[in-house]
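For reference, the chains in residue letters:
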2 protein chains.
Amino acid sequence: MARTQGSHSDITGPRILAAAEELFARHGYAAVSMRQIAGAVGVQAGALYNYTSDKQSLLFDLMQTHMEELLAAWAEESVPGDVKGRLEGFVRFHIRYNLERSDAVFIAYMELRNLTEENFARIEDRRRAYEDQLEGILKDGVAQGLFHVADTKIAALAVIAMLNGVLTWYRDGGRLSLVEVETLYWDMVRKAVGV
Amino acid sequence: MARTQGSHSDITGPRILAAAEELFARHGYAAVSMRQIAGAVGVQAGALYNYTSDKQSLLFDLMQTHMEELLAAWAEESVPGDVKGRLEGFVRFHIRYNLERSDAVFIAYMELRNLTEENFARIEDRRRAYEDQLEGILKDGVAQGLFHVADTKIAALAVIAMLNGVLTWYRDGGRLSLVEVETLYWDMVRKAVGV
DNA sequence: GTTTTATCTGAACAAATGTTCAGTTATTCT
DNA sequence: AGAATAACTGAACATTTGTTCAGATAAAAC
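Residues numbered from 1 in each chain as written. Chains lettered and ligands numbered in written order. Predicted model: local features only at pLDDT ≥ 70, side-chain atom pairs only at ≥ 80, totals over all residues. Heavy atoms only, no water.

**Q** Which parts of the structure should I look at to understand the protein's contact with DNA strand D?
**A** If you check the shell around DNA strand D, you find 27 residues, and the closest are A:Ser9, A:Gln44, A:Tyr51, B:Ala2 and B:Tyr49. Near the protein, within 4 Å, the atoms of DNA strand D are sugar or phosphate in 67% of cases. Between DNA strand D and the protein, one listed contact pairs a base nitrogen with a side-chain N or O atom of B:Arg35 at 2.9 Å. Residue assignment for the surface near DNA strand D shows that the elements contributing at least two residues are helix H1 (9-27) of chain A together with helix H2 (34-41) of chain B. Among the residues making up the surface near DNA strand D, the classes are represented as nine nonpolar, twelve polar and six charged. (Near = heavy atom within 4 Å. Polar contact = N/O pair within 3.5 Å; in protein donor to acceptor, adjacent residues only side chain to side chain. Helix = DSSP H or I, 4+ residues; strand = E, 2+ residues; numbered from the N terminus. Nonpolar A, V, L, I, M, F, W, Y, C, P; charged D, E, K, R; others polar.)

Right under this line is the structure:
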């Protein structure tokens with residue numbers, strides 16, 4: 001056998017990335033083999049190498065794409081206006097976006113140590129850019145005398161860490177709806193920055 | 001060659017656990033081989049099996065020990081008194097203790113998916129017990145009308161997630177001292193619970 | 001000083017790993 | 001229709017994996 005019926009690169013390519021994303025998120029990068037990914041797609045392991053140069057760049061591509069899309073989505077959703085509203089927008093956006101793409105977020109936070117030094121630096125750069133978005137809001141709030149935070153850098157990291165925690169317990173159809181979760185966290189963030 | 005000079009089980013045993021802890025924390029459980037652990041101890045791979053039945057229980061032992069020690073340390077440090085003081089005590093304890101044992105904490109949070117279903121349940125039980133300690137403080141504060149939190153369960157998870165974030169960026173000799181970090185986070189937690 | 005026991009080596013095992021590639025077949029182009 | 005190309009198979013590769021175990025040597029017990 002060789003080329004299979006209905007095989008197209010623009011179909012198999014995304015399916016490989018999707019399978020890798022789910023498996024990496026569930027079992028971890030190092031614990032997932034190329035054969036498992038291939039099996040999930042319904043293809044032999046060798047076929048993966050028409051779409052990726054190696055396992056490492058499969059991981060990097062997933063992370064890179066996720067970070068770019070995250071930044072792009074925030075750039076589109078972010079609206080200028082009063083700082084309090086901007087902060088609320090960030091909190092709600094972060095929770096919602098990250099829950100929608102929990103697999104990608106999980107990977108982006110847990111598999112950093114499996115990246116090449118060079119790839120790590122690139123991802124880290126994008127993460128810092130995202131953190132800077134939040135810190136920018138906090139700085140503006142402080143400058144306007146509205147927020148009271150002693151260290152905007154630390155506060156930004158603390159808020160993001162707190163929001164990321166949602167990923168570890170939130171389940172669809174659980175006790176709280178998405179909007180309720182957003183509101184609970186916004187309430188805590190709002191008070192933490194002193195407004 | 002066989003038994004090496006100065007070989008004692010009460011020395012090699014702890015060294016194996018220490019080496020495994022450091023390697024698991026740095027590279028991840030699945031990415032570390034038994035031969036790497038043995039190499040770090042200065043012993044052949046087969047010798048590890050005098051101290052552990054398999055790789056899985058090496059991981060579980062590390063997690064189990066960590067969780068028990070964490071709970072014991074908190075039980076000793078925790079003092080009854082006003083809720084505000086108890087909450088401050090928890091925040092400072094959590095940051096300090098977790099930074100001192102960052103390798104074990106990292107493993108306990110990142111390698112849950114590599115545990116057997118049964119082992120996972122045991123660790124999860126201990127983690128919940130720890131979260132309950134914090135939630136208990138929050139509940140007391142709410143009952144006394146001192147804290148204003150809408151959902152004590154979520155608030156406990158949010159606070160712990162926020163505090164754990166310190167692990168990802170704190171470095172000894174960095175911009176902020178340990179006490180400064182504790183104080184910054186306590187300030188944010190204090191405000192977040194509305195006091 | 002001799003025996004017993006604890007501790008480790010070194011080789012071996014089958015299975016699994018990432019990756020390559022010649023060959024085969026479906027699709028697309030002419 | 002046939003020729004060219006894209007997509008995949010299946011086998012092979014050198015390593016590495018977790019784990020076992022007979023044998024060897026050091027430490028402890030007598």
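**Q** What is the right way to look at the interface of chain B and chain A in this model?
**A** Often the size quoted for an interface is simply the accessible area lost on bringing the parts together. Taken together, the contact between chain B and chain A spans 32 residues of the former and 32 residues of the latter. Of the roughly 2,500 Å² buried where chain B meets chain A, counting both sides, 63% is carbon and sulfur surface. A per-residue breakdown of the area chain B buries against chain A is headed by B:Arg113, B:Ile154 and B:Lys191, which together make up 25% of the total. Here chain B and chain A share four salt bridges between them. Among the ionic pairs, A:Arg113 bridges to B:Glu111, the shortest N-O distance being 2.9 Å. Counting across the interface, chain B meets chain A through eight residue pairs in polar contact (both at pLDDT 80 or more). (Contact = heavy atoms within 4.5 Å. Buried area = accessible area lost by both parts, 1.4 Å probe. Salt bridge = Lys/Arg side-chain N within 4 Å of Asp/Glu carboxyl O.)

**Q** Looking at this model, I keep getting lost on the side chain of A:Glu111. Mind explaining?
**A** Relative to the assigned elements, A:Glu111 resides in the loop between helix H5 (102-110) and helix H6 (117-143). Of the residues examined, A:Glu111 reaches a relative accessible area of 2% and is grouped as buried. In terms of polar contacts, A:Glu111 uses its side chain to reach the backbone amide nitrogen of A:Tyr29, at 3.1 Å. Among residues more than four places away in sequence, those in contact with A:Glu111 are A:Phe24, A:Gly28, A:Tyr29, A:Leu59, A:Met63 and B:Arg113. (Buried < 20%, exposed > 50% of the residue type's maximum accessible area, 1.4 Å probe, protein only.)

**Q** Would you mind showing me how to read the relation of the copies chain B and chain A here?
**A** Applying a rotation about an axis and a shift along it to one chain copy brings it onto the other copy. Expressed as a screw operation, the relation of chain B to chain A combines 0.0 Å of axial shift with a rotation of 180°, fitting to an RMSD of 0.0 Å. Taken together, these values place the two copies in the relation of a two-fold axis. Counting the interface residues of chain B, we find that 100% of their copies in chain A are interface residues as well, pointing to one common contact surface. (Least-squares fit on C-alpha atoms with pLDDT ≥ 70 in both.)

**Q** I'm lost on the protein's contact with DNA strand C in this one. Help?
**A** Around DNA strand C, a shell composed of 28 residues is seen, among which A:Ala2, A:Gly6, B:Ser9, B:Gln44 and B:Tyr51 lie nearest. The share of sugar and phosphate among atoms of DNA strand C within 4 Å of the protein is 68%. At a separation of 2.9 Å, a base nitrogen of DNA strand C approaches a polar side-chain atom of B:Arg3. Among the elements of the structure, helix H2 (34-41) of chain A together with helix H1 (9-27) of chain B are those that each provide at least two residues to the surface near DNA strand C.

**Q** I would appreciate a short explanation of the packing of H1(A) against H5(A) in the present structure.
**A** For any two helices packed against each other, the geometry comes down to the angle between their axes and how far apart the axes lie. Residue and element names in this part refer to chain A. For the pair H1 and H5, the least separation of the axes is 9 Å and the interaxial angle reads 60°. In terms of orientation, H1 and H5 fall into the oblique class. Classified by chirality, the crossing of H5 by H1 is left-handed. Contacts between H1 and H5 involve Glu 21, Glu 22, Phe 24 and Ala 25 from the former and Asp 103, Ala 104, Phe 106 and Ile 107 from the latter. Residue composition of the contact of H1 with H5, by class: five nonpolar, no polar and three charged. (Axes fitted to C-alpha atoms, helices over the stretch in contact; angles between N-to-C directions. Parallel < 35°, antiparallel > 145°, perpendicular 65-115°, else oblique. Left-handed = near helix turned anticlockwise from the far one by under 90°.)

**Q** Explain helix H4 (residues 83-100) of chain B here, please?
**A** For an α-helix the count is 3.6 residues per turn, leaving residues at separations of three or four pointing the same way. Taking 1.5 Å of rise per residue, 18 residues should cover 26 Å, and H4(B) covers 25 Å from first to last C-alpha, within 8% of that figure. Inspection of H4(B) places B:Val83, B:Leu87, B:Phe90, B:Val91, B:Arg92, B:Phe93, B:His94, B:Ile95, B:Tyr97, B:Asn98 and B:Leu99 among the buried residues, and these make up the whole buried set. (Expected span 1.5 Å × (residues − 1).)

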